[in-house]
Amino acid sequence: MHPLDHFKFCPVCGSSHFVENNEKSKRCENCGFIYYANPSSATVALIENEKGELLVVRRKNDPGKGTLDLPGGFVDMDETGEAGMIREVKEETGLDVTHVDYLFSIPNLYRYSGMDIHTLDMFYRCQVRDLSVVHAADDAAGYLWIPKAEIKTEQFGLRSVRQGLHQYLGR
Ligand SMILES: [Zn+2]
């Protein structure tokens, strides 16, 4: 189902003549309002300790509740990807990121509230000030350090994270 199929009425004037404009947008035949469905920006953190283990969290919420994940989340409005990455790592793990390196991005579908939300997940390698303060909070129900060779991508609930791990780990 196309995400715009959920929107039956013009959000400006309430007209039911809210029709397909092109494959990415709908247009109101009454007031002329046009709405584009663009992907939401999201961030994913790759954090390693001195032993070469990767910081992994367990998802507290759906989609993928209980599965493994990497720290991260949606970018806020008026926020840079880098700032969003630093904020999400702090919220979910308590860690202070001192440096981020953008690596690559992968599109994803994120099932939320009955809708498939299209996202663009941006992966960052993060340097952290003091790994000893790590704890799980916010959207993370727990955390683990997993040696990179022992990462089983099928245990990760989000498709883009599985793909990103394959890419990062060179598999
Ligand atoms: Zn309208």
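Quick look at the structure, then. (Residues numbered from 1 in each chain as written. Predicted model: local features only at pLDDT ≥ 70, side-chain atom pairs only at ≥ 80, totals over all residues. Heavy atoms only, no water.)

**Focus: the overall build of the chain**
Okay, so step 1: Along the backbone of the chain there are two helices and ten strands.
Okay, so step 2: Its helices and strands in sequence order give the chain the pattern β-β-β-β-β-β-β-α-β-β-β-α, from N to C terminus.
Okay, so step 3: Across its three principal axes, the chain shows a C-alpha extent of roughly 60 × 30 × 25 Å.
Okay, so step 4: Counting across all 171 residues of the chain, residues that qualify as buried make up 39%.
Okay, so step 5: Taking all contacts inside the chain whose residues are at least 6 apart in sequence as the whole, residues at least 24 apart take part in 57%.
Okay, so step 6: Accessible surface, the chain: about 9,500 Å² in total, of which carbon and sulfur atoms supply 49%.
Okay, so step 7: Side-chain charges in the chain split into 19 positive and 25 negative, and the spacing between the mean points of these groups amounts to 4 Å. (Helix = DSSP H or I, 4+ residues; strand = E, 2+ residues; numbered from the N terminus. Buried < 20%, exposed > 50% of the residue type's maximum accessible area, 1.4 Å probe, protein only. Contact = heavy atoms within 4.5 Å. Areas by Shrake-Rupley, 256 points an atom, 1.4 Å probe, with all protein chains shown as cover. Lys, Arg positive; Asp, Glu negative; His and termini not counted. Charge placed at Lys NZ, Arg CZ, Asp CG, Glu CD.)

**Thoughts on the nonpolar core**
Okay, so step 1: Core analysis: the largest hydrophobic core is formed by 18 residues, its most contacted members being Leu70, Ile151, Phe156 and Leu165.
Okay, so step 2: Sorting the residues of this core by element identifies strand E4 (40-46), strand E5 (53-59), strand E8 (97-112) and helix H2 (159-169) as the ones contributing at least two each.
Okay, so step 3: Considering each element in turn, this core owes the most residues, four residues, to H2.
Okay, so step 4: Apart from the residues within four sequence positions on either side, Ile151 is in contact with Leu54, Val56, Ile146, Phe156, Leu165, Leu169 and Arg171.
Okay, so step 5: Ile47, Leu55, Met85 and Val89 belong to the second-largest nonpolar core, a separate cluster that totals 14 residues. (Core = buried A, V, L, I, M, F, W, Y, C linked by side-chain atoms within 4.5 Å.)

**A short note on the sheet that holds strand E7 (residues 72-74)**
Okay, so step 1: Strand order in the open sheet formed by four strands is E7-E4-E9-E8, and the pairing between neighbours is mixed. With one partner strand each, in any of the chains shown, E7 and E8 form the two edges of the open sheet. Each strand of the sheet is rotated relative to its neighbour by a mean of 20°, with strand direction disregarded.
Okay, so step 2: Contacts between helix H1 (residues 81-93) and the sheet are confined to E4, E7, E8 and strand E9 (115-128), with E4 contributing the most and set at about 60° to the helix.
Okay, so step 3: H2 rests against E4, E8 and E9 of the sheet, and its axis sits at about 140° to E8. (Pairing = 2+ DSSP bridges. Axes fitted to C-alpha atoms, helices over the stretch in contact; angles between N-to-C directions.)

**A closer look at the pattern of salt bridges**
Okay, so step 1: If you walk through the whole model with that rule in mind, you get ten salt bridges.
Okay, so step 2: A salt bridge links Glu79 to Arg87; the shortest N-O distance between them is 2.8 Å.
Okay, so step 3: Classification of Arg87 by relative accessible area gives partly exposed; the value is 21%.
Okay, so step 4: Taking the shortest distance from any N to any O, the salt bridge between Asp116 and Arg111 comes out at 3.3 Å. (Salt bridge = Lys/Arg side-chain N within 4 Å of Asp/Glu carboxyl O.)

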